[in-house]
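# Observations on the model geometry
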Amino acid sequence: AIEKFQYYMIPVLEELADGSKKHRRAIIDAIALRENLPPEEANAKSARGTNIFRSRVHWAQAYLAQAGAIS
């Protein structure tokens, strides 16, 4: 199941824990793999046509960056 964006903050931090630079999309793909997200969930879209999973991970990344936890 796709979680709320807050849930994805820890996986984002874990993906960046080695200190390497990663593209946002690479982080999203890695988390989807770690979470064993079925393709139908990973590709689910909102009523507006936005990919729900990518959006949730994106917001987790955005709030972590705003807080200064990642750059």
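These notes cover the structure that comes with them. Bear in mind the structure is a predicted one, so any value in this text is a computation, not a measurement. (Residues numbered from 1 in each chain as written. Predicted model: local features only at pLDDT ≥ 70, side-chain atom pairs only at ≥ 80, totals over all residues. Heavy atoms only, no water.)

Before going further, it helps to spend a moment on the packing of helix α2 (residues 24-34) against helix α4 (residues 52-66). The interhelical angle for the contact between α2 and α4, taken along N-to-C directions, is 120°, at an axis separation of 10 Å. Relative to α4, α2 is oriented oblique. For α2 against α4, the interelement crossing comes out right-handed. In this structure, α2 contributes R24, R25, I27, I28, I31 and A32 to the contact, and α4 contributes F53, R54, V57, H58, Q61 and A62. Of the residues belonging to the contact of α2 with α4, the class tally is seven nonpolar, two polar and three charged. (Axes fitted to C-alpha atoms, helices over the stretch in contact; angles between N-to-C directions. Helix = DSSP H or I, 4+ residues; strand = E, 2+ residues; numbered from the N terminus. Parallel < 35°, antiparallel > 145°, perpendicular 65-115°, else oblique. Left-handed = near helix turned anticlockwise from the far one by under 90°. Contact = heavy atoms within 4.5 Å. Nonpolar A, V, L, I, M, F, W, Y, C, P; charged D, E, K, R; others polar.)

In this section: the packing of aromatic side chains. Summed over all chains, the structure comprises four aromatic pairs. Pairing Y7 with Y8 gives two aromatic rings, centres 5.0 Å apart and planes at 90°, and the pair type is edge-to-face. Its relative accessible area of 38% is what places Y7 among the partly exposed residues. On the basis of relative accessibility, which here comes to 0%, the residue Y8 falls in the buried class. Members of the aromatic cluster, joined through ring pairs, are F5, W59 and Y63. (Phe/Tyr/Trp six-rings, centres within 6.5 Å; stacked < 30°, edge-to-face > 60°. Buried < 20%, exposed > 50% of the residue type's maximum accessible area, 1.4 Å probe, protein only.)

Okay, the pattern of salt bridges next. Applying the stated rule across the entire model yields four salt bridges. Ionic pairing is found between E14 and R34, a salt bridge with its closest N-O pair at 2.3 Å. Linking E14 in helix α1 (residues 9-16) with R34 in helix α2, this pair joins segments that are 20 residues apart in sequence. Judged by its relative accessible area of 43%, E14 is partly exposed. (Salt bridge = Lys/Arg side-chain N within 4 Å of Asp/Glu carboxyl O.)

With that settled, consider the nonpolar core. Most often, soluble globular proteins keep nonpolar side chains buried together rather than apart. With 13 residues, the main nonpolar core has Y8, V12, I31, F53 and V57 as its most contacted residues. Among the secondary structure elements, those contributing two or more residues to this core are α2 and α4. Every residue in contact with I31, bar those within four places of it in the chain, is listed here: Y8, P11, V12, E15, F53 and V57. (Core = buried A, V, L, I, M, F, W, Y, C linked by side-chain atoms within 4.5 Å.)

In this section: the environment of K21. One can find K21 in the loop between α1 and α2. When the C-alpha positions of K21 and L37 are compared, they lie 24 Å apart, and in sequence the two are 16 residues distant.

Remember, this is a structural readout, not a statement about activity or role.
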